[in-house]
Amino acid sequence: MRTSLLAFMLIAGLILPAQRPGRFGAAAPAPPGAGSDDDDSWDDDDEVGDRQSDDEDRDAEDEEKGDDEDGQARTGPRGVENRGESLGPKGGVQGRGGLEITRGPYLQLSTPASVTIRWRTSQPTSSRVQYGGSPDRLELQKTEMAASTEHEMQLTGLSPDTRYSYSIGTSSSVLAGGPDYAFRTAPPVGSNRAVRIWMIGDSGRSGEAQQRVRDAYDAYSGAASTDVWLLLGDNAYDTGTAPQYQAGFFQPYATRLRSTVVWPSRGNHDQTRAGPDNDYYDFFALPTAGEAGGTASGTEAYYSFDFANVHFVCLDAERLDGRMIEWLTADLAATDQDWVIAYWHHPPYSKGSHDSDGDGIMTQARRRFLPVLEAGGVDLVACGHSHAYERSFLLDGHYGSSASLSRSMILDRGDGRPDGSGPYRKPTFGRPAPHEGAVYVVVGSSSKLGGGRLDHPAHARSLNALGSLAVDVSGNRLEAAFVDDRGRVADRFAIVKGKDPVSSVDGRPGEADARRPGANTGGRTER
Ligand SMILES: [Fe+2]
């Protein structure tokens, strides 16, 4: 049957629906201050000469139209053929009747038994996902007949840690599908299997730098899958409008979005505003009720989830309030995962394009988040905002200005490199233990650079370099590599918990060690 399907060219165009029906008609949880234009935190970020106007952004979008990622041939629809297609007003390729996919598909909110697939069409249609073990055997399907331009389909009843292929379309036609339309469900919570995490920060400036960082990570990864993709905020410059998200995020990352579940955090440039189809909270489907593990937060502004033996916590320093701290305290107290990784936008320690000694939000994050996180056994904290790469020693208890850093707060002042002074060591493995040390990273250079003094004494490494962070967790070992825009590993560090050599969580020795980072990645080289 599939051989009769015609190739169908799709380009993620810039046509935006006037309305967002269904789920999107209901306002997403609005954090305090949402819609405000006079936020002090909009300091910034945009070094002189680096800010683009909306018009310039639109120019950039126009330049990117026709990028190869969305011009690939697709498994074609029965009802929408590529013959007779024509260029739409924005350069997107339209099928007959003008129906085209203008965003996605993209994957959200995965669990061991479910995943959410979203996409957008130029015209209201029904929704259907067909899925199964291979592109040629999409034996299962889910259909929603209500017509919409915004399509959000949650697939449930899936098997854990299992790869599924899928296609998307209307109730009667396939709009997109093929070999790279596939996802893998999360493994059982607490299970001990190698996990690859990709972190990008301040990635929302479309252009060559963004593409080089993206392509360098793709080359570094090779055929290895990415399990968890974290966005560290400022995901679309300058103000996170729908067109800016299209040009700065959905279009340049279209290929990865269809196969890797993305878990975002909100940056100061991801501005919230009233109305549907306007902001971060409309673009992403995030857990509010502990759907993917962790404690229910009741809001998309901050949340947690579990993946294998890692507990992830997403915060928002710009909206920091007592309720968030209460939730964070409860969430960390409730987890018994082996690893805790926290992420948000504003870093507690930075001397890059932002100075954590002079920035109120960064200071607040340091003073209020870090004592709770460290008491809860956090291992790794990842932020963006400063457009550089900065990475700390193994720290505990540093909640003041950089001048207040004392020797006792640096639990290990080695470089953390496996081939240097060795991994950072934490005594306890098997549950979060308080105050055994954490590494803090700033990965804010995934599409732009900002310079700065880059001399914060908490950091072991500070680089004015474009790049992204690859993190591998396997058993009691975490290893991270900063991959710059030329594919070089410009920094590497590791954390080992408990005894080494590795034992898995259920006591079988050696399994985790056998699946160490790199064992399944083939061809990774450090240059
Ligand atoms: Fe920022």
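In this text, all values refer to a predicted model and were calculated from it rather than measured experimentally. (Residues numbered from 1 in each chain as written. Predicted model: local features only at pLDDT ≥ 70, side-chain atom pairs only at ≥ 80, totals over all residues. Heavy atoms only, no water.)

**Let's talk about the sheet that holds strand β23 (residues 467–474)**
Across the sheet, 7 strands lie side by side as β12-β11-β10-β23-β24-β25-β20; this open sheet has mixed pairing. Here the strands that pair on one side only, and so sit at the sheet edges, are β12 (262–264) and β20 (424–426). The sheet shows a mean angle of 20° between the axes of neighbouring strands, direction not considered. Of the strand pairs in this sheet, strand β11 (residues 228–231) and β12 are connected by 3 bridges, and their pairing is parallel. If you follow leucine 231 over to β12, its bridge partner there is proline 264. (Pairing = 2+ DSSP bridges. Helix = DSSP H or I, 4+ residues; strand = E, 2+ residues; numbered from the N terminus. Axes fitted to C-alpha atoms, helices over the stretch in contact; angles between N-to-C directions.)

**Structural notes on the side chain of serine 110**
Mapping serine 110 onto the fold places it in the loop between β5 (101–108) and β6 (115–132). We classify serine 110 as buried; its relative accessible area is 2%. Setting aside residues no more than four positions away along its own chain, serine 110 makes contact with Val115, Ala186, Val261, Trp263 and Ala292. (Buried < 20%, exposed > 50% of the residue type's maximum accessible area, 1.4 Å probe, protein only. Contact = heavy atoms within 4.5 Å.)

**Topic: the packing of helix α6 (residues 322–334) against helix α7 (residues 360–375)**
Closest axis-to-axis distance for the α6/α7 pair is 9 Å, and the angle between their directions is 15°. Of the possible angle classes, the one that applies to α6 and α7 is roughly parallel. Between α6 and α7 the crossing geometry is right-handed. Taking contact as the criterion, the partners of Gly322, Met324, Ile325, Leu328, Thr329 and Leu332 in α6 are, on α7, Arg368, Phe369, Val372 and Leu373. Tallied by class, residues from the contact of α6 with α7 come to 7 nonpolar, 2 polar and 1 charged. (Parallel < 35°, antiparallel > 145°, perpendicular 65-115°, else oblique. Left-handed = near helix turned anticlockwise from the far one by under 90°. Nonpolar A, V, L, I, M, F, W, Y, C, P; charged D, E, K, R; others polar.)

**Structural notes on the pairing of strand β9 (residues 174–184)**
With 8 of its 11 residues buried, β9 lies for the most part within the structure. Where strand β8 (residues 163–169) meets β9, 6 bridges bridge the pair, whose relative direction is antiparallel. Looking across to β9, one finds that glycine 169 is bridged to valine 174. Between β8 and β9, which pair antiparallel one after the other, the connecting turn spans 4 residues.

**A few points about the pattern of salt bridges**
In the structure shown here, the tally under the stated rule is 25 salt bridges. With its nearest N and O atoms 2.6 Å apart, the salt bridge here joins aspartate 379 to lysine 426. Linking aspartate 379 in the loop between α7 and β16 (380–383) with lysine 426 in strand β20, this pair joins segments that are 47 residues apart in sequence. Each member of the pair, aspartate 379 as well as lysine 426, is classed as buried. One network of salt bridges, with partners in common, ties together Asp161, Arg184, Arg193 and Asp227. (Salt bridge = Lys/Arg side-chain N within 4 Å of Asp/Glu carboxyl O.)

**With respect to the packing of aromatic side chains**
On inspection of all chains with the given rule, the structure shows 30 aromatic pairs. On the basis of an interplanar angle of 35° and a centroid distance of 6.3 Å, the ring pair of tryptophan 263 and tyrosine 303 is categorised as tilted. Remark: tyrosine 303 occurs in strand β13 (residues 303–307) and tryptophan 263 occurs in strand β12; sequence separation between them is 40 residues. On the basis of relative accessible area, tyrosine 303 is assigned to the buried category, the value being 1%. Taken together, a centroid distance of 6.4 Å and an interplanar angle of 25° make the contact between tyrosine 303 and phenylalanine 305 stacked. Neither tyrosine 303 nor phenylalanine 305 differs from the other in exposure class; each is buried. A cation over an aromatic ring shows up here: arginine 103 above the ring of phenylalanine 283, its NZ or CZ 5.0 Å from the ring centre. (Phe/Tyr/Trp six-rings, centres within 6.5 Å; stacked < 30°, edge-to-face > 60°. Lys NZ or Arg CZ within 6 Å of the ring centre and 35° of its normal.)

**Notes on the sheet that holds β16**
Across the sheet, 7 strands lie side by side as β13-β14-β15-β16-β21-β17-β22; this open sheet has mixed pairing. Strands at the two margins of the open sheet, each flanked by one partner only, are β13 and β22 (459–463). Across this sheet, the average inter-strand angle for adjacent strands is 15°, counted without regard to direction. Summarising the sheet, strand β17 (residues 389–392) and β22 pair through 4 bridges and their orientation is antiparallel. Residue pairing in the sheet places glutamate 390 in a bridge with serine 462 of β22. Of the strands in this sheet, β13, β14 (310–314) and β15 (339–343) touch α6, which is tilted by about 180° from β14.

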